[in-house]
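# Breakdown of the fold
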Amino acid sequence: MAPTNRAAWTTAEKAYPLEVKEAEYTHPVDNEIVVKVHAIALNPVDFARQAMGSRLFPWTKYPTVFGTDVAGEVVEIGSQAAGKYKIGDRVVGLGNGLESNRPSDGAFQEYVVLRGDLTAHIPDNVSYEKAAVIPLGVATAASGLFTDDQLKLDLPTSPAKPTKNEWVLVWSGASSVGSNAIQLAVAAGYHVITTCSPKNFDFVKSLGAEYAFDYNRPTVVSDIVEIFKGKKSAGAYAIGFTAAKPVSDIISQITEGSKHVAASNMPPSDLPEGVTSKMVFGSALKNSPLGAHIFNDFVVKGLVNRNYRTAPEPQIVGQGLESIQQGLDTLKAGGLSATKLVVTL
Ligand SMILES: NC(=O)c1ccc[n+]([C@@H]2O[C@H](COP(=O)([O-])OP(=O)(O)OC[C@H]3O[C@@H](n4cnc5c(N)ncnc54)[C@H](OP(=O)(O)O)[C@@H]3O)[C@@H](O)[C@H]2O)c1
């Protein structure tokens, strides 16, 4: 008999607060698995969808279940996922509800359906809370760094590829997307220059960045242009609402290599001459073998080999589905640094 399930529902466009109530338990088909959720990480997109309704993803059908990031244990396995997973496996994965429009695929529930190719096994020494910070961060980082219409870098491996003389700029290295982008670029053999608050310099360097600059420093653009001299650019990742402008200014002054800026948010239309930029769709990797390479291969081996780690640090904001709304409110209020809010179940 299927277990009972509960979800934190968004019952209608812009409905507030989320409503915790019963949800159908959905059996997995094909490449899907069902995961009993133990930890859920919260992302800016979750409160943005709630606040902006159809202005953000107009195809969303209501009622629905938001959320992308879950860690938990496998309880049921679709026929094509049987070779990869067994009951009781500890996993972390990317909920696909935003695209599938199925409430069963949203992270904010007790039993979620995940795609086997967008799920990673986690080693015993990594807690569910730590693992839950991975999915949208690593997916958005990888979609910006490796897809054909963005930076198109060589793929990351574990152990890391030998380093080549090509440099990537990651603006906002202490963010969730940024701390994953640094690690992925380094594992793919690139050098990384990044920006963050000075208190996070050690953190971003521990992830593999070679230079860290304070994004608030008035001379940050010219400082980074100076560092780039004599180095070949592999492109830049502009992370955050205000990042694309300074990043484009820097990249426009680079003399050798790529002048493409992958942008986590909408880039400005008036880009400097020679610079190209495009907004990243965080789950673009799911449409190609890149999704499986990152989730089934790189993350799994990287956690074991320790050339990839869960980042940023989780901050437990509550227990139970009832805590999710409060967590989203806290995230929306801003001010968090190198931290990802997590709710445990
Ligand atoms: N396109 C997509 O599919 C997609 C997917 C996910 C996220 N996003 C977007 O990507 C951005 C990052 O998301 P996230 O979840 O990674 O964010 P996050 O982890 O919540 O980011 C927080 C970090 O941002 C840094 N920060 C704040 N102001 C900054 C500035 N002016 N310049 C550089 N860094 C700054 C802070 O660094 P310090 O603490 O060092 O100051 C802080 O640690 C958001 O704008 C989000 O909407 C887009």
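Since we're looking at a predicted model, the values are computed, not measured.

### Re the domain arrangement of the protein chain
With domains assigned, the protein chain is organised as domain 1 (5-134 + 310-344) and domain 2 (139-279). Using only C-alpha atoms to locate each centre, domain 1 and domain 2 end up separated by 28 Å. Across the boundary between the two partners, domain 1 contributes 8 residues, which contact 11 residues of domain 2. Overall, the association of domain 1 and domain 2 removes approximately 600 Å² of surface from exposure, summing both partners, and the carbon and sulfur fraction of that is 50%. Its largest share of buried area at the contact with domain 2, domain 1 owes to Ala311, Ser337 and Ala338, together 56% of the area lost on that side. Between the two partners, domain 1 and domain 2, sit 0 salt bridges. The interface formed by domain 1 and domain 2 contains 4 residue pairs in polar contact (both at pLDDT 80 or more). Each residue belonging to the side of domain 1 that touches domain 2 can be placed in one class, and the counts come to 6 nonpolar, 1 polar and 1 charged.

### Digging into the sheet that holds strand E9 (residues 191-196)
Pairing is parallel across the open sheet formed by 6 strands, whose spatial order is E10-E9-E8-E11-E12-E13. In the strand order of this sheet, the two ends are held by strand E10 (211-214) and strand E13 (276-279), each with one partner. Sheet twist, expressed as the average angle between the axes of neighbouring strands with direction ignored, equals 20°. Sheet topology places E9 next to E10; 4 bridges connect them, and they run parallel. Residue Ile193 lies in a different strand from E10, and its bridge partner there is Tyr211.

### What to know about helix H8 (residues 244-252)
Taken together, the buried positions of H8 are occupied by Ala244, Pro246, Val247, Ser248, Ile250 and Ile251. Close packing links the buried residues of H8 with strand E8 (166-171), helix H7 (220-228), strand E11 (232-238) and strand E12 (260-263).

### Looking at the packing of helix H4 (residues 135-146) against helix H9 (residues 290-305)
Closest axis-to-axis distance for the H4/H9 pair is 10 Å, and the angle between their directions is 125°. With respect to each other, H4 and H9 are oriented oblique. As H4 packs across H9, the resulting crossing turns out to be right-handed. Note on element contacts: H9 touches H4 through Leu290, Ile294, Phe295 and Val299, opposite Pro135, Val138, Ala139, Ala142 and Phe146. Across the contact of H4 with H9, the residue classes tally to 9 nonpolar, no polar and no charged.

### Re the site of the ligand
Inspection of the region around the ligand gives 26 residues, with Ser197, Tyr215, Val280, Gly282 and Ser337 positioned closest. In the model, a nitrogen atom of the ligand is placed 2.9 Å from a nitrogen or oxygen of the Ser172 side chain. In the model, an oxygen atom of the ligand is placed 2.5 Å from a nitrogen or oxygen of the Ser337 side chain. In the complex, 79% of the free accessible area of the ligand, which totals 930 Å², lies under the protein chains. Looking at the shell around the ligand, the elements with two or more residues in it are H4 and helix H5 (176-187). Counted by class, the shell around the ligand contains 14 nonpolar, 12 polar and no charged residues.

### Notes on helix H1 (residues 44-52)
Each turn of an α-helix holds 3.6 residues, which means side chains three or four residues apart point in the same direction. All of the buried residues along H1 are Asp46, Phe47, Ala48, Arg49 and Gln50. Where the residues of H1 are buried, they touch strand E3 (32-41), helix H2 (97-100) and helix H10 (324-333). Two residues or fewer past H1, Gly53 is found with a positive phi of approximately 55°.

### Thoughts on the UniProt feature "domain: Enoyl reductase (ER)" (unreviewed entry) in the protein chain
According to UniProt, the positions carrying the feature "domain: Enoyl reductase (ER)" (unreviewed entry) are residues 10-281. From the first C-alpha to the last, residues 10-281 spans 22 Å; its make-up is 24% helix and 25% strand.

Conventions used here
Residues numbered from 1 in each chain as written. Predicted model: local features only at pLDDT ≥ 70, side-chain atom pairs only at ≥ 80, totals over all residues. Heavy atoms only, no water. Domains from an automatic or database assignment. Contact = heavy atoms within 4.5 Å. Buried area = accessible area lost by both parts, 1.4 Å probe. Salt bridge = Lys/Arg side-chain N within 4 Å of Asp/Glu carboxyl O. Polar contact = N/O pair within 3.5 Å; in protein donor to acceptor, adjacent residues only side chain to side chain. Nonpolar A, V, L, I, M, F, W, Y, C, P; charged D, E, K, R; others polar. Pairing = 2+ DSSP bridges. Helix = DSSP H or I, 4+ residues; strand = E, 2+ residues; numbered from the N terminus. Axes fitted to C-alpha atoms, helices over the stretch in contact; angles between N-to-C directions. Buried < 20%, exposed > 50% of the residue type's maximum accessible area, 1.4 Å probe, protein only. Parallel < 35°, antiparallel > 145°, perpendicular 65-115°, else oblique. Left-handed = near helix turned anticlockwise from the far one by under 90°. Near = heavy atom within 4 Å. Areas by Shrake-Rupley, 256 points an atom, 1.4 Å probe, with all protein chains shown as cover. UniProt positions renumbered as here; feature names shortened; annotations may be inferred.

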